[in-house]
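Residues per chain are reported as follows:
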Amino acid sequence: MSDTDTNEDGIEDSAAPLIEHLAELRTRLIRAVMAFIVGIVIAFVVAEPILQFLLEPIEATLRELGDPSPTMQYTSPQEYLFTLFRISMVFGFVLAFPVIGYQLWRFVAPGLYSKEKGAFLPFLIASPLMFLLGASFAHFVVTPLAMAFFLGFADVPSLIADLMRSVTGDLPENVPEAAPVAEGIRITFFGKVNESLDITLKFIMAFGMCFQLPVLLTLMGKAGLVSAEGLRNVRKYAVVGILLLAALVTPPDIITQVILFVVVYGLYEISIFLVTRVEKKREAKLRAEGLWFEDEEEGEDIDENDEANT
């Protein structure tokens, strides 16, 4: 057999597994996309209750400000439909994530050793749980504070009086009379569905991603990319970065910014603790295998040789 034939055979032998991997990847992607489409359809069926749930912080704030029947509006024929479709996209992905994660795992797992499988799988499970925890914190704690801050500047009683008078021609007893404006223009709040939902989703995504910090840093520590000592050394830079993050993703409200800073910085300290545990487990394993002292002795021999050469 000539060298050309050998090379051609080698190329064919190496190309066959590549084609198999590409076919496997295509199958996994098709299944993931199908799961995503099914999730979108299911989420669209219940999109209106989900929208009501997401707008609850705004509703509660408006009621506290004196609005007995909070109302929101949309200003274009397609706006409400597109709002429901946005909700369906986000929550459809959430519903399909177990299937998408499983397809990702099935594609990656054959190329991993048993130890790597045991290390990767817990993080694949912890990631969506931490995201849901961050999203829940954003919806039930941060968003109500942000809405109270934003709507605190709106002239809600005047808006209520104007709306009720335009509909009924008179004001019910439980609706306060709008104060007359001597000069200038009265500025009131007319809530739009898509813009209000946009603020809520931004908070959910921001806090959901921030809560991934322990998962990401622990996985990097397990892979040897970061160390607990290194994370401690850059703690002051992390504080500055978290402060900038709090200023960017929260309204100009010191209370909300402090809450985000405390939460994310706490997650950073938790990450240091988790990376420290990973390193201790690695050290204990090396000691049990008799490799830890060998590494130390090699390091001491290198230092002694360096001193002798000097």
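Residues numbered from 1 in each chain as written. Predicted model: local features only at pLDDT ≥ 70, side-chain atom pairs only at ≥ 80, totals over all residues. Heavy atoms only, no water.

Asker: What is the right way to read the overall build of the protein chain from this model?
Answerer: Assigned secondary structure in the protein chain consists of twelve helices and zero strands. For the protein chain, the α and β elements follow one another from N to C terminus as α-α-α-α-α-α-α-α-α-α-α-α. Relative to all contacts within the protein chain whose residues are 6 or more apart in sequence, the contacts with residues 24 or more apart total 79%. Summed over all atoms, the accessible surface of the protein chain reaches about 19,600 Å², with 66% contributed by carbon and sulfur. (Helix = DSSP H or I, 4+ residues; strand = E, 2+ residues; numbered from the N terminus. Contact = heavy atoms within 4.5 Å. Areas by Shrake-Rupley, 256 points an atom, 1.4 Å probe, with all protein chains shown as cover.)

Asker: What am I meant to see in the UniProt feature "transmembrane region" (unreviewed entry) in the protein chain here?
Answerer: Look at the UniProt record and you will see "transmembrane region" (unreviewed entry) annotated at residues 29-47, 80-102, 123-154, 199-221, 233-249 and 255-275. Taken as a whole, residues 29-47 contains 95% helix and 0% strand, while its terminal C-alpha atoms sit 26 Å from one another. The straight-line gap between the two end C-alpha atoms of residues 233-249 is 26 Å; of that span, 94% is helix and 0% is strand. (UniProt positions renumbered as here; feature names shortened; annotations may be inferred.)

Asker: What is the right way to read a nonpolar patch on the surface from this model?
Answerer: A cluster of nonpolar side chains, Phe53, Phe140, Val141, Leu145, Ile254, Ile255, Val258 and Val262, forms an exposed patch at the surface whose accessible area comes to about 700 Å². No other element matches the four residues that helix 11 (residues 254-288) contributes to the nonpolar patch. Along the chain, the position of Val141 falls in helix 5 (residues 114-151). (Patch = residues over 30% accessible without salt bridge, like charges linked within 9 Å, V, L, I, M, F, W, Y side chains within 5 Å. Salt bridge = Lys/Arg side-chain N within 4 Å of Asp/Glu carboxyl O.)

Asker: What should I look at first to understand helix 4 (residues 79-108) in this one?
Answerer: In an α-helix there are 3.6 residues to a turn, and that puts residues three or four apart on one side. In this model, helix 4 (30 residues) spans 41 Å end to end at C-alpha, consistent with the 44 Å of a helix rising 1.5 Å per residue. At Ala96, helix 4 shows its largest kink, close to 50 degrees, and the proline Pro98 lies no more than four residues downstream. (Expected span 1.5 Å × (residues − 1). Bend = angle between axes of the 7 residues up to and from the residue.)

Asker: Sorry if this is basic, but what is going on with the packing of helix 2 (residues 47-54) against helix 4 here?
Answerer: Each pair of packed helices can be described by the angle between their axes along with the distance between the axes. Two numbers describe how helix 2 lies on helix 4: the axes approach to 9 Å, and their chain directions differ by 90 degrees. Classed by the angle they form, the pair helix 2 and helix 4 counts as roughly perpendicular. Contact residues: helix 2 offers Ala47, Glu48, Ile50, Leu51 and Leu54, while helix 4 offers Tyr80, Thr83, Leu84, Ile87, Ser88 and Phe91. Here the residues of the contact of helix 2 with helix 4 sort into eight nonpolar, two polar and one charged. (Axes fitted to C-alpha atoms, helices over the stretch in contact; angles between N-to-C directions. Parallel < 35°, antiparallel > 145°, perpendicular 65-115°, else oblique. Nonpolar A, V, L, I, M, F, W, Y, C, P; charged D, E, K, R; others polar.)

Asker: Quick question: what am I supposed to make of the pattern of salt bridges here?
Answerer: Pairs can form between side chains of opposite charge whenever their charged atoms are close. Summed over the entire model, instances satisfying the criterion amount to seven salt bridges. A salt bridge links Lys202 to Asp198, with the shortest nitrogen-to-oxygen separation between them at 3.3 Å. Of this pair, Lys202 and Asp198 are both found in helix 7 (residues 193-210), four residues apart, which corresponds to roughly one turn of the helix. Look at Lys202 and you get exposed, because its relative accessible area is 54%. Shared partners join several salt bridges into a network, and the residues in it are Arg86, Asp198 and Lys202. (Buried < 20%, exposed > 50% of the residue type's maximum accessible area, 1.4 Å probe, protein only.)

Asker: Got a minute to help me understand the environment of Gln52 in this structure?
Answerer: With respect to the helices, strands and loops of the structure, Gln52 is situated in helix 2. When its relative accessible area of 51% is taken as the criterion, Gln52 is described as exposed.

Asker: I tried to follow the nonpolar core on my own but got confused; where do I start?
Answerer: If you look at the biggest cluster of nonpolar residues, it comprises 33 residues, and the most contacted ones within it are Leu51, Leu54 and Phe207. Elements represented by at least two residues in this core include exactly helix 2, helix 3 (56-64), helix 4, helix 5, helix 7, helix 10 (235-249) and helix 11. When residues are assigned to domains, this core turns out to be shared by domain 1 (15-111) and domain 2 (128-170 + 198-290), each giving three or more. Among residues more than four places away in sequence, those in contact with Phe207 are Gly134, Phe137, Ala138, Val142 and Leu260. Leu217, Ala228, Ala238 and Tyr268 belong to the second-largest nonpolar core, a separate cluster that totals seven residues. (Core = buried A, V, L, I, M, F, W, Y, C linked by side-chain atoms within 4.5 Å. Domains from an automatic or database assignment.)

Asker: Would you mind showing me how to read a positive patch on the surface here?
Answerer: Residues Lys222, Arg277, Lys281, Arg282 and Lys285 make up a contiguous surface patch of positive charge. Here the element with the most residues in the positive patch is helix 11; it accounts for four residues. As for its placement among the helices and strands, Lys285 is situated in helix 11. Looking at Lys285, the relative accessible area reads 41%, which means it is partly exposed. (Lys, Arg positive; Asp, Glu negative; His and termini not counted. Charge placed at Lys NZ, Arg CZ, Asp CG, Glu CD.)

Asker: Please explain the packing of aromatic side chains as it appears in this structure.
Answerer: The relation between two aromatic rings is expressed through the spacing of the ring centres and the mutual angle of the planes. Counting across every chain of the model gives seven aromatic pairs. Pairing Phe53 with Phe140 gives two aromatic rings, centres 6.0 Å apart and planes at 70 degrees, and the pair type is edge-to-face. Of this pair, Phe53 sits in helix 2 while Phe140 sits in helix 5, and the two are 87 residues apart along the sequence. On the basis of relative accessible area, Phe140 is assigned to the exposed category, the value being 53%. With a centroid separation of 6.2 Å and 40 degrees between ring planes, the pair formed by Phe137 and Phe211 is classed as tilted. (Phe/Tyr/Trp six-rings, centres within 6.5 Å; stacked < 30°, edge-to-face > 60°.)

Asker: What is the right way to look at the confidence of the model for the protein chain in this model?
Answerer: Low-pLDDT portions of the prediction should not be read for the details of their coordinates. Looking at the protein chain as a whole, its pLDDT mean stands at 76, while 73% of the residues score no less than 70. In the model, residues 159-167 has pLDDT below 50 throughout and makes 21 contacts with residues more than four positions away in sequence or in other chains. Predicted confidence for residues 171-179 stays below pLDDT 50, and this span has 18 contacts to residues more than four positions away or in other chains. (pLDDT = per-residue confidence, 0-100.)

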